[in-house]
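The residues making up each chain are set out below.
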Amino acid sequence: MSTPSMSQVLAAFTSQVTMAALSPDTVKAVRRHTLDTFGAALGGARQPEPMAAWAAARAAFGDAGAAALWGRDISAPPGVSALVNGTAAHALELDDASGCDHSGAVVVPAVMAALALPPGEGATAPSEADLLCAILVGYEVGRRVMEASGGYDGHNGAGWHSTGTCGVFGAAAAVARLLRFDAATTARALGIAGSFASGTWAFLGDGAMTKRMHPGHA
């Protein structure tokens, strides 16, 4: 048998995480980080960056969907919701700095948007345990990818913005766990995420709003 790839090993781990494996302190931390992300996003919902993201996404994809835009009485397609809410969560730079650095702004909007997806044939809707495990997995994978990419100082010092480049793997893993994907499907999701990993510190040159859109894009 061939040796599993690193993505296959990581996918096998994340697809098997259960509530039974989480300590009470870990569950408490997941809840705290989730609530913190909601608070940061509600505070940033009316900032220019999420407003611009919403205007562009609405023009491209419309506004018909079941995923909420936080802080507004509006629903949108899940991908649009994740983009706008992720941007809002980072708009005031008040979100947490854990996992891939700012993992909350990447992972929580993606997971919450995915809750609006209909369950697959024969599947049941995700439970609270699935939600908590998914968010934990998102933080864990984002952190592991960042450490494998040289750590915060090495990766970001080379010009990459880890929230976008590493966070995209956390978002993919989190949604895969929420939807109860098996290890093989999760590995494919991580591979697709790698094709969309992006984010540099070039915005420092002129103060562009791009940085605050990185979590939403991821």
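Rules of the game
Residues numbered from 1 in each chain as written. Predicted model: local features only at pLDDT ≥ 70, side-chain atom pairs only at ≥ 80, totals over all residues. Heavy atoms only, no water. Phe/Tyr/Trp six-rings, centres within 6.5 Å; stacked < 30°, edge-to-face > 60°. Helix = DSSP H or I, 4+ residues; strand = E, 2+ residues; numbered from the N terminus. Buried < 20%, exposed > 50% of the residue type's maximum accessible area, 1.4 Å probe, protein only. Lys NZ or Arg CZ within 6 Å of the ring centre and 35° of its normal. Arc of directions from axis to C-beta. Contact = heavy atoms within 4.5 Å. Salt bridge = Lys/Arg side-chain N within 4 Å of Asp/Glu carboxyl O. Disulfide = S-S within 2.5 Å.

**Some words on the packing of aromatic side chains**
All told, the structure shown has 2 aromatic pairs when counted by the stated rule. Consider the rings of F38 and W70, whose centres lie 4.8 Å apart with planes at 80°: the pair is edge-to-face. Taken together, the residues F38 in helix α2 (residues 24-44) and W70 in the loop between β1 (67-69) and β2 (74-76) connect sequence positions 32 residues apart. When its relative accessible area of 24% is taken as the criterion, F38 is described as partly exposed. When the ring centre of F13 is taken as origin, the NZ or CZ atom of R144, which lies over that ring, is 5.1 Å away.

**Some words on helix α1 (residues 6-15)**
Of all the residues in α1, the buried ones are L10, A11 and T14. For α1, the angular spread of buried residues about the axis comes to 100°, placing them on one side. Where α1 is buried, its residues touch α6 (128-148), α9 (167-178) and α10 (183-195).

**Describing the pattern of salt bridges**
Using the criterion set out here, one finds 9 salt bridges in the structure. The partner of R177 in a salt bridge is D130, with the nearest N and O atoms 3.1 Å apart. You can see R177 sitting in helix α9 and its partner D130 sitting in helix α6, a full 47 residues away along the chain. In this structure R177 comes out as buried when scored by relative accessible area, which is 8%.

**Re the state of the cysteines**
Every disulfide links exactly two cysteines, by a covalent bond between their sulfur atoms. By the definition in use, this model includes 0 disulfides. With no disulfide of its own, C100 lies 6.7 Å from the sulfur of C166, the closest cysteine sulfur. We note that C133 lacks a disulfide partner, and the nearest cysteine sulfur, in C100, lies 19 Å from it. Judged by its relative accessible area of 0%, C133 falls in the buried class.

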